[in-house]
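A look at the structure
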Amino acid sequence: QNMLEELLIHKPDDPIQYMINHLKQNNDDAPRICVLGPSASGKTTVAMWLCKHLDAIRVSRETLLFKEILALTKEAKAYKERKQKIPNALWANLIQERLSNVDCIKQGWILEGFPENQEQAWMLQSSGIIPRHVVVLYAPDTVLIERNSGKRLDPFTEEVYHTTFDWPSDPLVQRRLVKPEDLSEQEMSKKLLEYHRNFPGVFQIYQKVLKSINADQPSMDVLSQVLTYVQTRHRSAAPFTPRILFCGPPGSGKSLQAALITQKYGVVNICCGQLLKEAVAGKTKLGELVKPYIDNGYPVPDNLVMKILAERLNALDCVTNGWVLYGFPRDIEQGEQLQKSHIIPN
C-alpha cells in the first residue's frame, strides 16, 4: 500500500526500477505518526516518549529550525528573525526534506504539532507525507490555560515539565529549568480559538487514521492509550468477503452473536441444524436421505452434512455477501472435512 501511494505521488518515469529501489530502501513497518493538539496539551511529552519507545525520529518546528542543517533552514530562520510567519509551503518543503533522510526512512518518524490546518495537511499529502496514525490530544481550554502558565523547559534535553503537575525530582534538572517564551493568558485564548477553528479541516483529511485522546488525565494513562493506538494496524482497503465461524459450548451465545453480525453487516446467517431441517422440509434429494436420521433422533452422517453445507455456502448470496456459520464443525474430523471442501473461514 505504501509503495502504491509513493508511485501515485511521484509518478516516476521508470516505475519498475522505482519499486525495486523502494523495496531496497524503505521499512514499511517503521512508524509514521503525527501528534497534534492545542498548545499545552502535551504534544512534546508524548512525541519524545514515543521516540524513546519506538526508536523513531522526532521532527518538530523547533528541531527543524534549531537542530537541523537543511537546505531550507536558513530561509525559514530569516522569516523568524524578521518576526514574520513562515509560509506553509516552506514548512512542507522543510518537513519533506527532513523525512526523506535515511534515519527517518529506516527508523520512522514522529511529526509533532504539524499540520495545524487543512492547507498544511494537503501540502504534506501532495509531498507524499502520509501518516499511518494521527494522535490528537484534547483537554478543556481552562485546563490548557492553567497548564501553560506553569510550563518549564529543560534546555539540555528539551523535555517539558510543570510546576504543579510534573516537577522533576533531580535538583540538577530543577535548577536548569527555564520558563519558555510562552503566551500570556489572553494570547493563549486567542491561539486556542484559532486551533478550534482550524482543527475540523485537519480532522476531515485524517479521520480514517485519527484517534482523539483525553490529555486531562495522568500522563502514564495518556501515554499508554497513545502507544496502544499507534501499534494497531489499520484494516486494508482491499475488497473483503467475511467468512465467519462461531464455535462454543451450548448456551454460549453463538446464535445471538451470529444474528447480530448478520443484522449489522448483511452477511448470510447459517445454522447447521436449521439447514438440515430446511433440506428435509424442502423434500430435496439430500433432504430425503437425511430425514430418517432426524426422525429417529440419530446424528446425521458427516458426509451428508458436508454436501448440504457445501451446496449452501457456495450459493451466490454467500459468495457475494459472506457468511456466518455455527453448529458445525463440532470435532476435528468435521473441521478437516470442511477444509477438504475448501470452505475456509477467514
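Residues numbered from 1 in each chain as written. Predicted model: local features only at pLDDT ≥ 70, side-chain atom pairs only at ≥ 80, totals over all residues. Heavy atoms only, no water.

Regarding the environment of glutamine 204
- Within the secondary structure, glutamine 204 sits in helix 11 (residues 185-206).
- Separated by 86 residues in the primary sequence, glutamine 204 and glutamine 118 place their C-alpha atoms 8.4 Å from one another.
- Of the polar contacts made by the side chain of glutamine 204, one reaches the side chain of glutamine 118; its length is 3.3 Å. (Helix = DSSP H or I, 4+ residues; strand = E, 2+ residues; numbered from the N terminus. Polar contact = N/O pair within 3.5 Å; in protein donor to acceptor, adjacent residues only side chain to side chain.)

Focus on the sheet that holds strand 9 (residues 268-271)
- Sheet architecture is open: three strands sit in the order 8-10-9, paired in parallel fashion. Each edge of the sheet is formed by a strand with only one pairing partner; in this case those strands are strand 8 (243-246) and strand 9. Taken pair by pair, the neighbouring strands of this sheet meet at an average axis angle of 15°, ignoring direction.
- In this structure, strand 8 lies alongside strand 10 (residues 323-326), joined through four bridges in parallel fashion. Considered in strand 10, the bridge of leucine 245 is made with leucine 325.
- Across the sheet, helix 16 (residues 302-313) touches strand 9 and strand 10, and the angle it forms with strand 9 is around 175°. (Pairing = 2+ DSSP bridges. Axes fitted to C-alpha atoms, helices over the stretch in contact; angles between N-to-C directions. Contact = heavy atoms within 4.5 Å.)

Some details on the sheet that holds strand 1 (residues 32-36)
- Strand order in this open sheet of five strands is 2-3-1-4-7, and the pairing throughout is parallel. What marks the edges here is a single partner per strand, and that holds for strand 2 (57-59) and strand 7 (210-214). Ignoring which end each strand starts from, the neighbouring axes of this sheet average 20° apart.
- Sheet topology places strand 2 next to strand 3 (residues 109-112); three bridges connect them, and they run parallel. If you follow arginine 58 over to strand 3, its bridge partner there is isoleucine 110.
- Most of the contacts of helix 3 (residues 43-54) go to strand 3, to which it runs at about 175°, and overall it touches strand 1, strand 2, strand 3 and strand 4 (133-138).

Some points on the pattern of salt bridges
- Going through the model one piece at a time under the given rule, you end up with five salt bridges.
- The partner of aspartate 317 in a salt bridge is arginine 312, and the shortest N-O contact between them spans 2.8 Å.
- Take aspartate 317: its relative accessible area is 31%, and that puts it in the partly exposed class.
- For arginine 312, a relative accessible area of 23% translates into the label partly exposed. (Salt bridge = Lys/Arg side-chain N within 4 Å of Asp/Glu carboxyl O. Buried < 20%, exposed > 50% of the residue type's maximum accessible area, 1.4 Å probe, protein only.)

Considering helix 8 (residues 118-126)
- Taken residue by residue, helix 8 has Gln120, Ala121 and Leu124 as its buried positions. Take helix 8 and look down its axis: the buried residues cluster within an arc of 100°, on one side only.
- On its buried side, helix 8 packs onto helix 4 (61-67), helix 6 (88-99), strand 3 and helix 11.
- Between a side-chain oxygen at the N-terminus of helix 8 and the backbone nitrogen of glutamate 119 the separation is 3.2 Å; the capping residue is asparagine 117.
- Downstream of helix 8 by one or two residues, glycine 128 has phi in the positive range, about 85°. (Arc of directions from axis to C-beta.)

Let's talk about the packing of aromatic side chains
- In this structure the tally under the stated criterion is three aromatic pairs.
- Aromatic side chains tryptophan 91 and phenylalanine 114 sit 6.3 Å apart centroid to centroid with 50° between the ring planes, which places their arrangement in the tilted category. On the criterion of sequence distance, the pair formed by tryptophan 91 in helix 6 and phenylalanine 114 in the loop between strand 3 and helix 8 is long-range, its members being 23 residues apart. Both residues of the pair, tryptophan 91 and phenylalanine 114, count as buried.
- Relative to phenylalanine 203, the ring of phenylalanine 199 lies with its centre 6.2 Å away and its plane at 55°, an arrangement referred to as tilted. Here phenylalanine 203 and phenylalanine 199 lie together in helix 11, a separation of four residues that amounts to about one turn.
- One aromatic cluster is present, built from ring pairs that chain together Tyr195, Phe199 and Phe203.
- Across the ring face of tryptophan 91, the terminal group of arginine 61 is positioned such that the distance to the ring centre comes to 4.6 Å.
- Positioned above the aromatic ring of tyrosine 79, the side-chain terminus of arginine 82 is 5.0 Å from the ring centre. (Phe/Tyr/Trp six-rings, centres within 6.5 Å; stacked < 30°, edge-to-face > 60°. Lys NZ or Arg CZ within 6 Å of the ring centre and 35° of its normal.)

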